[in-house]
Amino acid sequence: MQTVEYSLGELAARFGLELRGDPDLRVQRVATLHHAAPGGISFFANARYRKHLEATQATAVVLAAEHAALCPAAALIDPNPYLAYARIAGVLHPTAVSPPGIHDSAVVGASARIAASASVGPQAVIEDGVDIGERVFVGPGCILQQGARIGADTRLTARVTVCRNVEVGERCILHPGVVIGADGFGFALDGARGWVKVPQMGAVRIGNDVEIGANTTVDCGAIEDTVIENGVKLDNQIQIGHNVSIGEHTAIASCTGISGSTSIGKRCMIGGLVGMAGHLTIADDVVITGFSMISASLKRPGSYSSGIPAEETKQWWRRVAQFRRLGARKE
Amino acid sequence: MQTVEYSLGELAARFGLELRGDPDLRVQRVATLHHAAPGGISFFANARYRKHLEATQATAVVLAAEHAALCPAAALIDPNPYLAYARIAGVLHPTAVSPPGIHDSAVVGASARIAASASVGPQAVIEDGVDIGERVFVGPGCILQQGARIGADTRLTARVTVCRNVEVGERCILHPGVVIGADGFGFALDGARGWVKVPQMGAVRIGNDVEIGANTTVDCGAIEDTVIENGVKLDNQIQIGHNVSIGEHTAIASCTGISGSTSIGKRCMIGGLVGMAGHLTIADDVVITGFSMISASLKRPGSYSSGIPAEETKQWWRRVAQFRRLGARKE
Amino acid sequence: MQTVEYSLGELAARFGLELRGDPDLRVQRVATLHHAAPGGISFFANARYRKHLEATQATAVVLAAEHAALCPAAALIDPNPYLAYARIAGVLHPTAVSPPGIHDSAVVGASARIAASASVGPQAVIEDGVDIGERVFVGPGCILQQGARIGADTRLTARVTVCRNVEVGERCILHPGVVIGADGFGFALDGARGWVKVPQMGAVRIGNDVEIGANTTVDCGAIEDTVIENGVKLDNQIQIGHNVSIGEHTAIASCTGISGSTSIGKRCMIGGLVGMAGHLTIADDVVITGFSMISASLKRPGSYSSGIPAEETKQWWRRVAQFRRLGARKE
C-alpha cells in the first residue's frame, strides 16, 4: 500500500460528508480509535468502543451525527460511517500500481495475448490462448491455463491457479492459493469395479468486482458452466462445487462448502462453516448464520440457522443423553 | 479437452448399449437435455428433468428402457444410463495428450529418473531421487520432493506438491493445490514449556486410479505410512491426518476432515463437512451423510448421520432454548 | 530425514531417563511396537497396545515405570514416555540440513537481505525489502512478498506464500500451501450497489517455535496486526481471520475456522472443524472438543463442546423429528 495525504475538506467534498472541524487539517493514514496518533483518521461504528472514541488522539473520526458530540476530534459525519470509512481508506491507502511488463522468469505461451499495460510477475505461467486485459496484475507464481481470460484491472495477487477456459471479469481480486476451474467431483458407480470418472467439461464464469479469498476453490462445470455473478465476495477456504451459481452481491464467509448444482440468489449473506447440499435453490436475500446445515431449498428471504452453541463438556453430554432418551420414546 | 466424432452405432457396439434409432447418426459432444443441439448426446437419469427430455434437441439420449418411449431422439439404452454416459463422454472428450519432454524452466535433480514419454511442465521442481513413470503429466508449478515416485499415466494437473518419499500409483489425477505428505500434527506436551515436535517420518502410499481434489491435504505418517488404496476418490479441501488408511473405492466429499490413525473401509461414501475423530475404525460399505460428527467407530455397514437441518433463525433459537431446558431436568 | 545411531546409555544420559538394560545397545531408528526390528526404539503410552509391547522386537522401549515389567526389551523409563520418545526421535531423525545458498532459478529482489547461511530453493520469489535470517530454509516455490521478515532457523518447507510485511519468528515450520497475510474479509455494504472493499492494511506477526500446517491461511489485520504468539501449533486447513490473536502454546486441529478479531488465550487446545464467531474472547487453558460451534466468549478455563455424534440415519431422523415436535410445544 502506498500512502498519500488529504485534507478533511477534500475528503468531505469527495465523499459527500458533513465536516465538523477545520477543513485544512490533513490526514495520512487510517487508525483505530485506541491507537490513533495525530494525522490518523478513525471511525466509530460500534457503541462498545465509546470510551476509545472519547479518548482518541485521531485527527478526525468518521461517525454518525448522533455521536458527533462525543468526538474530541474533527468529525466527518455520515449515516453509514463504516462505508464512508471504507472509501476514505481506499483513497488514503491505494493499491500499489505495478509497472507494466512481463518478468523474465515468467513462461508465456506463443498465442497468449497480454495487454501492454498488464503486469506479469516472476515464475508465472501463461499458457497458449490466454487473454489478459488492461492493467491486470498477475502476481508471482500464478498459473493461467489454456484459454483463460482475465478482465481489465483484475488482480491475481500471487500463486493463483486459473484452469482452462475460465473467464474472470474486471476489477476482481483473487488471493493466493485460489484454484478456479479444477474438475468437479463427478463419478458414476460401476458396481464392485468402483467409480468411473465423468469428464468435467464446463468452465467457470466469474463476473466483475468479485473477490475470492486465499485457498478457496471453485470447480468447473460438468457440462455447462459454474457461474459467480458480479460483486460476489468469497472468503478463504470456501469450496464451490460444479455448476453452482451465485447471484450478485452475495457474500460467503470462510470454510463454507456449496455442493454441486446449487443455485444461490442475490444479496445473500452466508456465514462460515456452513454446509450446503447439492441441487438446492436458495432465494435472494437469504441470511444463513455460521455452522448451519442446509439440506433443503430455501425459497423465501429470511434468516436461517442450525448450529447449537457449545457449553461445558459435562453439561453438553448430559444434554446429548437426554436428547437420545427423547428420541427413544414411543411415537 | 479434444473433441472427436462417433456414430451411434459405434457407441452402441463399444459400450454394449441397445440402440433405438439410426446407427449412422453422428454425435460430437455431450450436452444437457435442455441445451443440447443437433450433434449433441445427452442423458436422462433424474425423473424431474422429464420435460427437458420430451423437448430435447439432442441427436441421442442415453436412458433406461422404461423411459425410451418419452425420448424424441435416438435412444441408447442401458440400465445405468449415468454410467453409460460417463463412458461415452470419456471417448467424445478425451484428455488432451501432452507432448513428452521437460520444459526448459523446470528444475530437475541430477538423480531424478523421468520416463521419456512423461511431460514435465514449466516452473516444475523435481528433486533428487524422484521417479516419474511412463506418460506421467507433471503440470506447471508442481513440486516433487526427494524420493517421490509417480506411477504411469498419472496426471498432476498443476501446482501439486508431493513431499518426500511419497508414492503415487498409476492413472491417478491430482488437482491444483494438493499437498501429499506434509508433516502430520504430532506434538508431546512438556508442561508449561509447551509442545515438543514428534518427528513425522512415515510416507504416504497412494494406490492406482485415485483422484484427489483441489487443495486437499494428505499428511505423511508419524512412523509408518498413511495409505490411500486403489480407486479412492477425494473431493476438494479434504484433510487426511497421519496414519489414516482409506479402503478401495471409498469416495469422500469436500471439506471433510479425517483425524489421525483412523481406518476407513472399502466402498464407503462419506459426505461433505464430516468430522471424524482419530483412532477409529469405519467398516466397509458405510455411508455417512454430510455434516455428521463421527466420534466412535462404526463397525457395521449402514448409513449414519448427525446434522440437523436449518430452520428460520427465530424458530431455531426457540428449539435450542427448549433443548437446554430439557437437559436441565432432573435425571 | 537423516539417520544416526545412539547407544541407550547415551540416550538415557542425554534425556535424564532411567535405563533398565544394556547401556551399550545401539538404536538407529524409531518404530512402532508391532513392526519394530532390532535396532529400533519404540514407545508405549496407550494401554490398548499392551499385547504389542509384550511381543515387540524393538531393541528398546520408552515407557512409564509401572509398565517396565511387561517389556521384553531394554526399557527407557520416564513418567511421560511420549514426550521422551519425541525427544529421542528428534535426535535419531534430525531434519536434513540444506546447503546454504540461493538456487539459480530463484528470483530475488535487489533490496532483499538474505543471510549467508540461509538456503533459498528453486523457483522461489523473494521480493524487495524481504529479510531472511540465519539458517532459514526457503523451500521450492515459496513466495515472500515485500517487507516480509523470516527469523533464524525457520523452515518454509515448500510453496509457502508470505505476504507483505508479515513477520515470522525463529524456529518456525510452515508447510506447503500456507498463506500468511492475505487480505482479511472486510466489506461495507452500500445498499443495493453491493459491497465496498475495506482496505486491509495490517500485517501478521508470528512468534517463535510456531508450526503451521499445509494449506492453512492466516489473514492480515484490517488496521492493526493479526498475532500468533510463541509456540502456537496450527494443523492443516485452518482459517485464521483478520485481527485474531492466539496466545502462547495454544494448539488447534485441522479444518477449524476462527473469525475476525477473536482473541484466544494461552495453552488452549481446540479440536478440528470447530467454528468460532468473531470478536470473542477465549480464556487461557480452554479445551474445545472437535465439531463445536463457539458463538459466545468463554471466560473461564474448562472444556466445552457442542457436537452430537452420528447414529444410524433412520434413528437420527426420528430424533430430529422429535426435537422439532419439542420445539413446537407451547412455551
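All of these numbers come straight from a predicted model, not from anything done at the bench.

Participant: What am I meant to see in the overall build of chain A here?
Facilitator: Along its length, chain A carries four helices and 40 strands. C-alpha extents for chain A along the principal axes are approximately 80 × 70 × 35 Å. Sequence separation of 24 or more characterises 21% of the internal contacts of chain A that already satisfy a separation of 6 or more.

Participant: Would you explain helix 3 (residues 81-92) of chain C in this entry?
Facilitator: Every α-helix winds through 3.6 residues per turn, so residues three or four apart in the chain are directed the same way. Residue and element names in this part refer to chain C. The terminal C-alpha atoms of helix 3 lie 16 Å apart, and with twelve residues this matches the ideal 16 Å at 1.5 Å per residue to within 8%. Among the twelve residues in helix 3, ten count as buried, and that is most of the element. Those residues of helix 3 that fall on the buried side of the exposure criterion are Pro 81, Tyr 82, Leu 83, Ala 84, Tyr 85, Ala 86, Arg 87, Ile 88, Ala 89 and Leu 92.

Participant: Sorry if this is basic, but what is going on with the interface of chain B and chain C here?
Facilitator: One widely used convention gives an interface's size as the accessible area the parts lose upon coming together. The interface of chain B with chain C comprises 50 residues on the first partner and 54 residues on the second. Secondary structure elements with two or more residues in the side of chain B that touches chain C: strand 21 (179-182), strand 22 (187-189), strand 23 (195-197), strand 26 (217-219), strand 38 (293-294), strand 39 (302-305) and helix 4 (313-328) of chain B. Two strands pair when backbone bridges link them, and strand 39 of chain B and strand 40 (residues 311-312) of chain C are joined in this way by two bridges, in the antiparallel orientation. What sits directly across from B:Ser305, in strand 40 of chain C, is C:Glu311.

Participant: Teacher, can you tell me more about the interface of chain A and chain C here?
Facilitator: Contact with chain A, which involves 54 residues of that partner, is made by 50 residues of chain C. If you list the elements that add at least two residues to the side of chain A that touches chain C, you get helix 3 (81-92), strand 40 (311-312) and helix 4 (313-328) of chain A.

Participant: Help me understand the relation of the copies chain A and chain C, please; the structure alone is not making it clear to me.
Facilitator: Put simply, the second copy of the chain is the first one after a rotation about an axis and a shift along it. By a simple turn and slide, chain A fits onto chain C: the slide is 0.0 Å along the axis, the RMSD is 0.0 Å, and the turn is 120°. Taken together, the rotation and translation describe the operation of a three-fold axis. By residue overlap, the copies meet through two different surfaces: only 13% of the interface positions of chain A are interface positions in chain C.

Participant: Explanation requested: the pairing of strand 21 (residues 179-182) of chain C in the structure shown.
Facilitator: In summary, the side chains of a regular strand alternate between the two faces of the sheet. Residue and element names in this part refer to chain C. Of the strand pairs in this sheet, strand 18 (residues 161-162) and strand 21 are connected by two bridges, and their pairing is parallel. Bridge pairing in strand 21 links Val 162 to Ile 180. In this structure, strand 21 lies alongside strand 26 (residues 217-219), joined through three bridges in parallel fashion. Opposite Ile 180, over in strand 26, you have Val 218 as the bridge partner.

Participant: Got a minute to help me understand the pairing of strand 7 (residues 74-77) of chain A in this structure?
Facilitator: Residues and elements named next belong to chain A. Relative to strand 7, strand 2 (residues 18-20) runs antiparallel, the two being bridged by three bridges. By the bridge assignment, Arg 20 is partnered in strand 7 with Ala 75. Bridge count for strand 6 (residues 60-63) against strand 7 is four bridges, and the pairing is parallel. Looking at the pairing, Ala 60 lines up with Ala 74 of strand 7.

Participant: Help me understand the relation of the copies chain B and chain C in this model?
Facilitator: Once chain B has been moved 0.0 Å along the axis and rotated by 120°, it coincides with chain C to within an RMSD of 0.0 Å. With a heterologous cut-off of 20% or less, the 14% of interface residues of chain B that recur at the interface of chain C puts this contact in the heterologous class.

Participant: Whenever I open this one, helix 1 (residues 8-15) of chain A confuses me. Can you help?
Facilitator: Residues and elements named next belong to chain A. Among the residues of helix 1, Leu 8, Leu 11 and Ala 12 are the ones counted as buried. Angularly, the buried residues of helix 1 cover 100° about the axis, an arc narrow enough to put them on a single face. When the buried face of helix 1 is taken as reference, the exposed residues oriented beyond 90 degrees from it are Ala 13 and Arg 14. The inward-facing, buried residues of helix 1 abut strand 1 (6-7), strand 2, strand 3 (26-27), strand 6, strand 7 and helix 3. At the exit of helix 1 stands Gly 16, carrying a positive phi of roughly 65°.

Cut-offs used in this document
- Residues numbered from 1 in each chain as written.
- Chains lettered and ligands numbered in written order.
- Predicted model: local features only at pLDDT ≥ 70, side-chain atom pairs only at ≥ 80, totals over all residues.
- Helix = DSSP H or I, 4+ residues; strand = E, 2+ residues; numbered from the N terminus.
- Contact = placed C-beta atoms within 7 Å.
- Expected span 1.5 Å × (residues − 1).
- Buried ≥ 20, exposed ≤ 12 C-beta atoms within 10 Å, placed from the backbone.
- Pairing = 2+ DSSP bridges.
- Least-squares fit on C-alpha atoms with pLDDT ≥ 70 in both.
- Arc of directions from axis to C-beta.

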